[in-house]
There are 2 protein chains.
Amino acid sequence: MRLSQMLFVTLRDDPADAEIPSHKLLLRAGYIRRIGAGIYAYLPLMWRVLQKVSQIVREEMNATGAQECLLPQLQPAELWKESGRWDTYTKAEGIMFAFTDRREQQVALGPTHEEVITYVARDMIKSYRQLPQHLYQIQTKFRDEIRPRFGLMRGREFIMKDGYSFHTDEESLKKTYQDMYQAYSNILRRSGLKFRPVEADSGAIGGSGSTEFMVLADAGEDEVLYTEDGKYAANVEKAISLPIDAEISPFTSYEKRETPGTETIEKVCKFLKCSPTNIVKNVLYQAAYDNGMTVLVLINIRGDQEVNEVKLINELTKLASQYGAKTILSLTIPDAEAQSKWAAKALPLGYIAPDITNDSIKSDKAIAPEFLRLVDRTVVDLKNFVTGANESGYHVVGVNWDEQIKLPELTVDIRKARPGDRAVHDPQQMLKSARGIEVGHIFQLGTKYSIAMGATYTNEQGEEKPLVMGCYGVGVSRLAQSAVEQSYDKDGIIFPVAIAPYHAIISVPNINDAQQMEAAEKLYLELNQAGVETLLDDRNERAGVKFKDADLIGIPFRIVTGKALANGKVEVVKRATKEAQEIPIGEVVTTLTNWVQEAIK
Amino acid sequence: MRLSQMLFVTLRDDPADAEIPSHKLLLRAGYIRRIGAGIYAYLPLMWRVLQKVSQIVREEMNATGAQECLLPQLQPAELWKESGRWDTYTKAEGIMFAFTDRREQQVALGPTHEEVITYVARDMIKSYRQLPQHLYQIQTKFRDEIRPRFGLMRGREFIMKDGYSFHTDEESLKKTYQDMYQAYSNILRRSGLKFRPVEADSGAIGGSGSTEFMVLADAGEDEVLYTEDGKYAANVEKAISLPIDAEISPFTSYEKRETPGTETIEKVCKFLKCSPTNIVKNVLYQAAYDNGMTVLVLINIRGDQEVNEVKLINELTKLASQYGAKTILSLTIPDAEAQSKWAAKALPLGYIAPDITNDSIKSDKAIAPEFLRLVDRTVVDLKNFVTGANESGYHVVGVNWDEQIKLPELTVDIRKARPGDRAVHDPQQMLKSARGIEVGHIFQLGTKYSIAMGATYTNEQGEEKPLVMGCYGVGVSRLAQSAVEQSYDKDGIIFPVAIAPYHAIISVPNINDAQQMEAAEKLYLELNQAGVETLLDDRNERAGVKFKDADLIGIPFRIVTGKALANGKVEVVKRATKEAQEIPIGEVVTTLTNWVQEAIK
């Protein structure tokens, strides 16, 4: 392509509304244009990057035997009602575009396709002899984000590869899951990215196990905890760890103490001269289930620890059926107003006891929510601890479980792991923290959707069994932007060769110099014929402008048909290192072909 | 791909809700599955067909210098309000999905992208030196059809290539338009389709000239009128012609006649013993403009002719501005109820005069619509004609213009051309009729969108001018189905080689026969390596089932590793002709490679 004929406009200044480097650079370099909030046009350069990423994805998927297809973006609401996800995805925190069509039917725009593919599988798969199957698609997805941000990272419209596999059993699923683990690793490696697979929470997708593929970058929205021995890495939402040891309590006997103005752990510690690890902290949450049920949750957790709300939601979701509900719609910290609705008198916030009960909070009006106490494992082994006395301005110290306060049998892990904690697999290893951009996520779904939607097969014994499912997603447009976020400098983007829109750019310093243009035209033709995808900057612009633009858009190799022509040479500059060398014209095609091959192998 | 591992299910019977052969066949052959009204999953075979069509489109577009990009499917309402099309596309007969998002903003799902691309061009194109530009995309589009039908032909979600070009002037536009005419012809030819480019109405897209590319098929929704000299072809919506000559009127003097019970042309002719060509027929329409204005339209047209409502809408749209409106929202034939709202007394339907006026219909309540008389050219030369006397049960005969009734200066062409009419370019040529499926449409838009949205450039003289635009669309999924509609037999689909999902299928009659499987596996490997895309039917099914399925899905060449193996041969059957021949195993790859090359060159 000739730049003189391309719709190519670069911007000198950072656009006002772009927050992170990759977003700014993609806008400035003319890869994308904003059309609306979280909605972008992918201009010709960007489209080439996306096509290259898609092609790598396609090759790796096909190599595993997965079959490409395309499912509809419009999805009938009935399918989501069958799976039980309609409310979760459309109400409260839901992120699905949903509306009523001209036929007065509810439809949604697919953010994901478990329902549609399970519907197809239910229709087409009848026998174990048809299994396993794995279908995937590369498609634009939609999320009705209230605050879209970071360009393509969290847009309302984005391109994903999503695949769904169907199996007779968990063993077959695990094999495909492993194949996908490998395929996803290949995709990211081939795209030229530094990444880390991490254990992840399965969230609204569900299932028994999942791995996220994180592209490492400072602007990543996710925090990853890992050990340096390479044996553990997890999203902080999912991470487990051993907390630091609790200090010995300075208290040896049970006593109620007046502790005025100590509503925070910090203040209690200061006042009582103890460590946060000596305290049982009691935290209140209010959970709303999809059937209208509200549950008040009291958590006992060690004073130095924080609640991991993702883990908490998972625990509460497990309990949903006992409240006659399916899913949680929201989780909030109850404020005074909420309390006043259901409590006869305000709870002594900052001084709540670990074991308040339904009765202790119920108002006469009996409209109080259900009450649930969850005990985090960090408090189990505490001795002579400090905790709230359930009376404003008072704590109890020197408390021991089952002496003054009962410890329930069931305890859970709902604490946030954090850097500095010891690893579970090897307490010698400390967890470290890194920022990542989630570009892939693979799930062992199990039978969640097949049971809900009645997608079954007949096994060898003639019995009807639910299909066992997996699903696998990689964000194509997000991956492309994450490559920029991981690789740029003050002059612009440094695209990995494998996903750069073009491999090389020939910058002609002066298009009115016949010799320069002739050499450039010849190389342009020969390089493209040799498979080195090459741009020709034949614009009527100064050389400086051309070099700046080439650097900004991040083409890996720049060829300058300038002064060196006098010696039968051209200057070739590597974008990543700025390393420049003069190469005889006759060797340019071979050299560039080798460099490209080397870089994408 | 091995059929044993593919999600491949064929149906014995025609699905109940499929109306035309191609729709039935695509469902039966496992290419598509219905997910909802007008919403389909493209299964792996279909996806390959769509990818092949897309690739042909892409190659032909790139060859013209057009640049591929991808524009968003979500479109902010503001853009459509700027162009003035929001109401047309969302109200009354509109076909755009539109809804309010979580941010309380109106958004739509793109059925077309003039607004978005004009917005991008306005932002990026500043100077004549950047022109011309041509951007295109291959993308899923949406139409909120009330009655989706015919499978992919008129779905609510479908794949299109749409391209938009920008120019300094009409001359540059015409050049690109001609390039697109050629590119579209190439696309259809290379896809193996019989087609005809025809003059077309530009409809809601607008602009000064447009050509549709019609794939010829009996089930086509469109009627094409053409002459056998190849010099004229047009969509019936757009077609012009010379009507047959009027007969000499049997009446020689003006007279009012009692003609009871003659509300139709047929009855008048019978009663008065005259030809329909002797009659001036007066037809009423009611048009609603987007500003709420209603206009009552009386049309004078020759008795044997019909009103072309597309031409009528175009005439009324031209007049919109004089009523302070932009577009027409609906065109209906006023019924008794409508009349009773605005007429003091009912109009004498069947006996209306050609020249009734506003006053003659206005009720005392003065809520009557504006009144407009449109005279079709077919009535201009009539002598001694018959027409309504504006009194129930009475006609006037022997009428002459400007003697008894005034003829306005302005006349229009709003009649429907029809087979048997004479061609305008050569009255010796008769118009003939054919059915077609519109798969492509190219438009000279001119400055409609650039003026409305303020997309300008600076010309060589430093003046600001509106961009001159063209747009070009081809229905990728519709093209794929139209290929089936054009080419099938009682046993199934006969796909053209260029867009068949696979070129060949190896049917192993008995997979338990080691020799048969060995020969098949070897050919499967070699053919695929040679670029002959080959399926292996290694399912544990009877040979008859395999042959039936191969015929049904329409793979061009079937290879049977059966009895002929004894002589070192395999049977090869051509799907289109059922012609079978035995070919030595060693020659299969060369033969098939040649056949494929021959077919797609």
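In this text the structure is predicted, and so the values were computed from the model without any measurement.

Q: For this particular structure, what's the right way to read the overall build of chain A?
A: Scanning chain A from N- to C-terminus turns up 15 helices and 30 strands. Based on the C-alpha atoms only, the size of chain A along its principal axes is roughly 95 × 65 × 50 Å. A total of 601 residues make up chain A; the buried ones form 58% of that total. Of the roughly 24700 Å² of accessible surface on chain A, a fraction of 48% belongs to carbon and sulfur atoms.

Q: Which parts of the structure should I look at to understand the packing of aromatic side chains?
A: We describe a pair of aromatic rings using the distance from one ring centre to the other and the angle between the two ring planes. Applying the stated criterion across every chain yields a total of 19 aromatic pairs over all chains. Between Tyr184 of chain A and Phe213 of chain A, the aromatic rings sit 5.4 Å apart at their centres with planes inclined by 50°, giving tilted as the arrangement. With Tyr184 of chain A in helix α6 (residues 170-190) and Phe213 of chain A in strand β10 (residues 209-216), this pair connects stretches of sequence that are 29 residues apart. Exposure class is identical for Tyr184 of chain A and Phe213 of chain A. Each is buried. Ring-pair connections join several aromatic residues into one group, and the members of that group are Phe97, Phe99 and Phe142 of chain A together with Phe97, Phe99 and Phe142 of chain B. Above the plane of the ring of Tyr226 of chain B lies Arg196 of chain B, whose end atom (NZ or CZ) is 4.0 Å from the centre. Lying across the ring of Tyr394 of chain B, Lys256 of chain B places its NZ or CZ 5.1 Å from the centre.

Q: Can you help me understand the pattern of salt bridges in this one?
A: Oppositely charged side chains may form a pair once their charged atoms are brought near each other. Residue and element names in this part refer to chain A. Going through the model one piece at a time under the given rule, you end up with 86 salt bridges over all chains. Residues Asp538 and Arg2 are paired through a salt bridge, measuring 3.7 Å at the closest nitrogen-oxygen approach. Placement of Asp538 in the loop between β27 (534-537) and α14 (543-553) and of Arg2 in the segment before α1 (21-28) is noted, with a sequence separation of 536 residues between them. With its nearest N and O atoms 3.5 Å apart, the salt bridge here joins Lys601 to Glu598. Under the relative-accessibility criterion, Lys601 is labelled exposed at 70%. Overall, Glu598 belongs to the exposed group, its relative accessible area being 51%. Residues joined by salt bridges that share partners form a network here, namely Asp489, Lys490, Asp491, Asp551, Arg558, Arg575 and Lys578.

Q: I keep staring at the relation of the copies chain A and chain B and nothing clicks. Help me out?
A: Two copies of one chain are present, and they are related through a rotation about an axis combined with an axial shift. Overlaying chain A with chain B gives an RMSD of 0.1 Å, the required rotation being 180° about an axis along which the chain moves by 0.0 Å. The operation mapping one copy onto its partner corresponds to a two-fold rotation axis. Taking C-alpha positions as the reference, the residue of chain A nearest the rotation axis is Phe99 of chain A, at 3.2 Å. Both copies contact each other with a shared surface, as 100% of the interface residues of chain A are interface residues in chain B too.

Q: Whenever I open this one, the interface of chain A and chain B confuses me. Can you help?
A: Quite often, the size of an interface is put as the accessible area lost when its parts meet. Counting from both sides, the interface comprises 61 residues of chain A and, opposite them, 61 residues of chain B. Summing both partners gives a buried area of about 5400 Å² for chain A against chain B, and 60% of it is carried by carbon and sulfur. For the pair chain A and chain B, the interface holds six salt bridges. Between Arg156 of chain B and Asp101 of chain A there is a salt bridge whose closest N-O contact spans 2.6 Å.

Q: Hey, could you run me through the sheet that holds strand β28 (residues 557-560) of chain A in this one?
A: Sheets are built from strands paired through backbone hydrogen bonds, the pairs being either parallel or antiparallel. All names here are of chain A. Spatially, five strands are ordered β27-β26-β28-β29-β30 in an open sheet, and the strand pairing comes out mixed. The open sheet is flanked by β27 and β30 (580-584), the only strands paired with a single partner. Going from strand to strand, the sheet's axes swing by 25° on average, the running direction of each strand aside. Seen against the sheet, helix α13 (residues 514-529) touches β26 (504-507), β27, β28 and β29 (569-574) and runs at an angle of roughly 165° to β27.

Q: Help me understand the domain arrangement of chain A, please; the structure alone is not making it clear to me.
A: What the domain assignment reports for chain A is domain 1 (18-73 + 111-240 + 433-485), domain 2 (255-399) and domain 3 (502-600). Taking the mean C-alpha position of each, domain 2 of chain A and domain 3 of chain A sit 66 Å from one another.

Q: Explanation requested: the environment of Asp376 of chain B in the structure shown.
A: Residues and elements named next belong to chain B. Tracing the backbone shows Asp376 in the loop between β17 (370-375) and β18 (385-391). Distance from Asp376 to Glu518, taken between C-alpha atoms, is 74 Å for residues 142 residues apart in sequence. With residues near it in sequence (within four places) discarded, Asp376 still touches Asn300, Ile301, Val412, Asp413, Ile414 and Arg415. A distance of 2.5 Å separates the side chain of Asp376 from the side chain of Thr378, its partner in a polar contact. Among the polar contacts listed, one links the side chain of Asp376 to the backbone nitrogen of Arg415, at a separation of 3.3 Å.

Q: I'm lost on the environment of Lys341 of chain B in this one. Help?
A: All names here are of chain B. Within the secondary structure, Lys341 is located in helix α9 (residues 336-342). For Lys341, a relative accessible area of 53% translates into the label exposed. It is 75 Å that separates the C-alpha atoms of Lys341 and Thr591, two residues lying 250 residues apart in sequence.

Q: Explanation requested: helix α2 (residues 44-63) of chain A in the structure shown.
A: Because each turn of an α-helix spans 3.6 residues, side chains separated by three or four positions end up pointing in the same direction. All names here are of chain A. Spanning 20 residues, α2 covers 28 Å between terminal C-alpha atoms, matching the ideal 28 Å at 1.5 Å per step. Taken across its 20 residues, α2 has 14 buried, putting it largely inside the fold. Directly after α2, the chain includes Gly65, whose backbone phi takes a positive value near 90°.

Q: Looking at this model, I keep getting lost on the sheet that holds strand β17 (residues 370-375) of chain A. Mind explaining?
A: Residues and elements named next belong to chain A. Strand order in this open sheet of four strands is β16-β14-β15-β17, and the pairing throughout is mixed. Each edge of the open sheet is held by one strand with a lone partner, namely β16 (328-332) and β17. Each neighbouring strand pair of the sheet contributes to a mean axis angle of 25°, computed without reference to strand direction. Of the strand pairs in this sheet, strand β14 (residues 280-289) and β16 are connected by four bridges, and their pairing is antiparallel. Within β16, the position partnered with Gln286 by the bridge is Thr332. Across the sheet, helix α8 (residues 309-318) touches β14, β15 (294-302), β16 and β17, and the angle it forms with β16 is around 135°.

Q: Just checking my understanding: could you explain the side chain of Lys311 of chain B for this structure?
A: Residue and element names in this part refer to chain B. By secondary structure assignment, the location of Lys311 is in helix α8 (residues 309-318). In this structure Lys311 comes out as buried when scored by relative accessible area, which is 10%. Sequence-distant contacts of Lys311, defined by excluding residues within four places in its chain, comprise Glu237, Lys238, Ala239, Ile240, Asp413, Ile414 and Arg415.

Q: Is there a simple way to explain unusual backbone geometry in this structure?
A: Glycine aside, the phi torsion of most residues is negative, and most peptide linkages are trans. Residues and elements named next belong to chain A. Residues Leu131 and Pro132 are joined by a peptide bond in cis, for which omega reads 0°. In this fold, Pro132 is placed in the loop between α5 (114-124) and β7 (133-142). In the Ramachandran plot, Lys273 falls in the positive-phi region, its phi being about 55° despite a non-glycine side chain. For Lys273, the location among the structural elements is in the loop between α7 (265-272) and β14. Relative accessible area serves as the criterion here: at 69%, Lys273 is assigned to the exposed category. Positive phi, close to 65°, is recorded for Asp402, a residue that is not glycine. Mapped onto the fold, Asp402 is located in the loop between β19 (394-399) and β20 (432-446).

Q: Help me understand the pairing of β27 of chain A in this model?
A: For a regular strand, side chains alternate in direction, first toward one face of the sheet and then toward the other. Residue and element names in this part refer to chain A. With burial as the criterion, each face of β27 is covered, one bearing Thr534 and Leu536 and the other bearing Leu535 and Asp537. Alignment of β26 against β27, held across four bridges, turns out to be parallel. By the bridge assignment for β27, Ser507 is matched with Asp537. Between the parallel elements β26 and β27, the chain passes through α13 in a crossover that is right-handed.

Q: What is the right way to read α6 of chain A from this model?
A: When the terminal C-alpha atoms of α6 of chain A are compared, their 30 Å separation across 21 residues agrees well with the 30 Å that a helix rising 1.5 Å per residue should span. Listing the buried residues of α6 of chain A in full gives Ser172, Leu173, Thr176, Tyr177, Met180, Ala183, Tyr184, Ser185, Asn186, Ile187 and Leu188 of chain A.

Q: Explain the confidence of the model for chain A to me, please; I cannot follow it from the model alone.
A: Low pLDDT means the predicted coordinates in that region are not meant to be read closely. Looking at chain A, the pLDDT average stands at 94 and 97% of residues meet or exceed 70. We note a pTM of 0.90 for the whole complex and an ipTM of 0.90 for its interfaces.

Parameters and conventions
Residues numbered from 1 in each chain as written. Chains lettered and ligands numbered in written order. Predicted model: local features only at pLDDT ≥ 70, side-chain atom pairs only at ≥ 80, totals over all residues. Heavy atoms only, no water. Helix = DSSP H or I, 4+ residues; strand = E, 2+ residues; numbered from the N terminus. Buried < 20%, exposed > 50% of the residue type's maximum accessible area, 1.4 Å probe, protein only. Areas by Shrake-Rupley, 256 points an atom, 1.4 Å probe, with all protein chains shown as cover. Phe/Tyr/Trp six-rings, centres within 6.5 Å; stacked < 30°, edge-to-face > 60°. Lys NZ or Arg CZ within 6 Å of the ring centre and 35° of its normal. Salt bridge = Lys/Arg side-chain N within 4 Å of Asp/Glu carboxyl O. Least-squares fit on C-alpha atoms with pLDDT ≥ 70 in both. Contact = heavy atoms within 4.5 Å. Buried area = accessible area lost by both parts, 1.4 Å probe. Pairing = 2+ DSSP bridges. Axes fitted to C-alpha atoms, helices over the stretch in contact; angles between N-to-C directions. Domains from an automatic or database assignment. Polar contact = N/O pair within 3.5 Å; in protein donor to acceptor, adjacent residues only side chain to side chain. Expected span 1.5 Å × (residues − 1). Right-handed = clockwise from strand over helix to strand, strands pointing away. pLDDT = per-residue confidence, 0-100.

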